[in-house]
Amino acid sequence: MAKPSRQTVRDLRRNSRGAVLQQLYFNGPTSRQALGTATGLSSGSISTIVAELAGEGLVEDAGTVDSDGGRPRNLLRVRPGCACLIGVDVGETRVRVELFDLGLTELARYERPLEGRGHDVASVVRHIADGVAAVVARADVPDDLLLGVGVGVPGIVERGSGDGAVVHGQTIGWDAVPLESLLRTSVALPPGARLFIENGAKTLGRAEMWFGGGQGASDAAIVLFGSGVGACVVTGGTIMGGTHSSAAEWGHTVVQVRGRRCRCGSRGCLEAYAGAEALIQRWREAGGALSPDADEESAVTAMIAAAFPQDGAAPDPVAVAVLDETAEYLGAGLANLINLYNPERILLGGWAGLQLAPYMLDAVRRHATSYALRHPAGQVVIEPGRLGPDAVTVGAATLPLAEFFARGGRRDAPVAESDLVPERTGWRAVAGVRV
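Keep in mind that this is a model prediction, so the values were computed, not measured. Throughout, residues of each chain are indexed from 1 in the direction in which the sequence is written. Residues qualify for local features only when their pLDDT is at least 70, as the model is predicted, and side-chain atom pairs are given and counted only at 80 or more; totals for whole chains, interfaces and linings, by contrast, use all residues. Excluded from the side-chain calculations are hydrogens and water; all other atoms, namely the structure's heavy atoms, are used.

Here I128 lies in helix α4 (residues 121-139). Relative accessibility thresholds used throughout: buried, under 20% of the residue-type maximum; exposed, over 50%; partly exposed, between the two (1.4 Å probe, protein chains only). The buried category is assigned to I128, whose relative accessible area is 1%. Expressed as a C-alpha distance, the spacing of I128 and G40, which sit 88 residues apart in the sequence, is 42 Å. Here a residue-residue contact requires only that any non-hydrogen atoms of the pair lie within 4.5 Å. Once residues lying within four places of it in the same chain are set aside, the contact partners of I128 are V88, V90, V95, V151, L183 and V187. Numbering of helices and strands starts at the N terminus; helices are DSSP runs of H or I of at least 4 residues and strands are runs of E of at least 2.

Pasting the structure below:
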């Protein structure tokens, strides 16, 4: 038996405002008439909602467009300067904090490398707190314009405890770290600004699905290839979450029984063969000429230069062999995603993935096709992500943006807590993915 709807008039009003804002955000500028067609709302409702949003400074005029034989129609858009968002990427090698306007134009940036003890919890929390304060000060953001902060982290993000989001980052030594609680006591946020925490591969996936190569796709896999590897799997327009937001820990699927030791402690994980950290380690073990003091990003650059020299020198056969092997393992890992989920698109992102794609993506495609079943392999397109190295921070910033829509553009609008957890909401974004 269908459950009766418990929505109040206030809920319906909030949802209608949210629908108009989403339509304007993703498909604007657009006219009032087109808004009615797209949202199913009456012309009277559209006029009332638009007047409210304009009066609150959330939407603005964006010129006119000729109509078929009638008067020109006024166009509307969401005003980019009406609010700001902060995205944080707690990466494998650095913490990056970016401040965006509502149109996701970068206004300020802060970065700190992770050195020495690496992912020491206190250091990471301090970097985030310092970064948030720095970007807000640099852009001189008024308190009432900051909607919130989204943080992308490596590991499993578990919600529902009294401490808020708890992070299980086995590969970085985090065991049930109450990150949300720690950040709430360290990060200075104005009243009304919320804090969100999510797995970094999923924030990458959200960014690509909303604004990048995943737009229009219903089933996709977005791969984060950095120091390690991870994936965001989208099925039927919904990001897979699992019981505790742990679905798609793809980097820790076994590709070699009793294989190389992975940094998670197990053996034979894909990450032990395809992550940048493992890639560099294998090159060193094979006798690759690499400075022991080189960081991961410069080491990958050096390896590419050795395998694909630009000065006419002969390629380094050791570097070529390791990259070829990595392409095969990565292709085999993608074949597993193809066979399991039958995606229409696979996007390769992450700093190492983007750096290596021009040199090895053709080989990765070839191996993925050879290891996957023929029919699903024939349906998928494998290509680089389109948003570059800042995709995780952009995706993290969409976490407070999703709340902005869920609340109909009002900070004080009541909304169920479950509606603010991206993978568990029921509304479909205009961009084509449930968030």
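Strand pairing in a sheet is mediated by backbone hydrogen bonds. Such pairs are either parallel or antiparallel. Being paired, for any two strands, means DSSP has found at least two bridges between them. Here we have three strands laid out as an open sheet, ordered β8-β9-β10, and antiparallel in their pairing. Two strands close off the open sheet at either side, each with one partner strand: β8 (156-161) and β10 (174-177). Recorded for the sheet is a direction-independent mean angle of 20° between the axes of neighbouring strands. A fitted line through C-alpha atoms represents every axis, and for helices the fit uses only the stretch in contact; the resulting angles, taken between N-to-C directions, go from 0 to 180 degrees.

Another point: the nonpolar core. As a rule of thumb, soluble globular proteins bury nonpolar side chains together. Note on terminology: a nonpolar core comprises buried Ala, Val, Leu, Ile, Met, Phe, Trp, Tyr and Cys residues joined through side-chain atoms within 4.5 Å. Ranked by size, the top nonpolar core spans 49 residues in total, and within it W250, L334, I346 and L356 carry the most contacts. Apart from the residues within four sequence positions on either side, L334 is in contact with V223, W250, I346, V364, A368 and I382. Membership of the second largest hydrophobic core comes to 34 residues, among which are V97, A108, A134 and V141.

Moving on, we get to the environment of L99. With respect to the secondary-structure elements, L99 resides in strand β5 (residues 94-101). What makes L99 buried here is its relative accessible area of 0%. Expressed as a C-alpha distance, the spacing of L99 and V394, which sit 295 residues apart in the sequence, is 9.4 Å. Here L99 is in contact with C84, L85, I86, T105, E106, L107, A108, V135, A139, V141 and L146, once residues within four sequence places are set aside.

The next subject is the environment of V149. For V149, the location among the structural elements is in strand β7 (residues 146-153). Along the backbone, V149 and D66 are 83 residues apart, and their C-alpha atoms lie at a distance of 40 Å.

Turning our eyes to something else, we now look at unusual backbone geometry. Omega for the bond connecting G28 with P29 falls within 30 degrees of zero, at -5°, which places this linkage in the cis form. A positive phi is found at A176, a non-glycine position, where the angle reads about 55°. Its place among the elements puts A176 in strand β10. Even without glycine at this site, N342 takes up a positive phi of about 50°. Its place among the elements puts N342 in the loop between α10 (317-341) and β15 (345-349). Looking at N342, the relative accessible area reads 41%, which means it is partly exposed.

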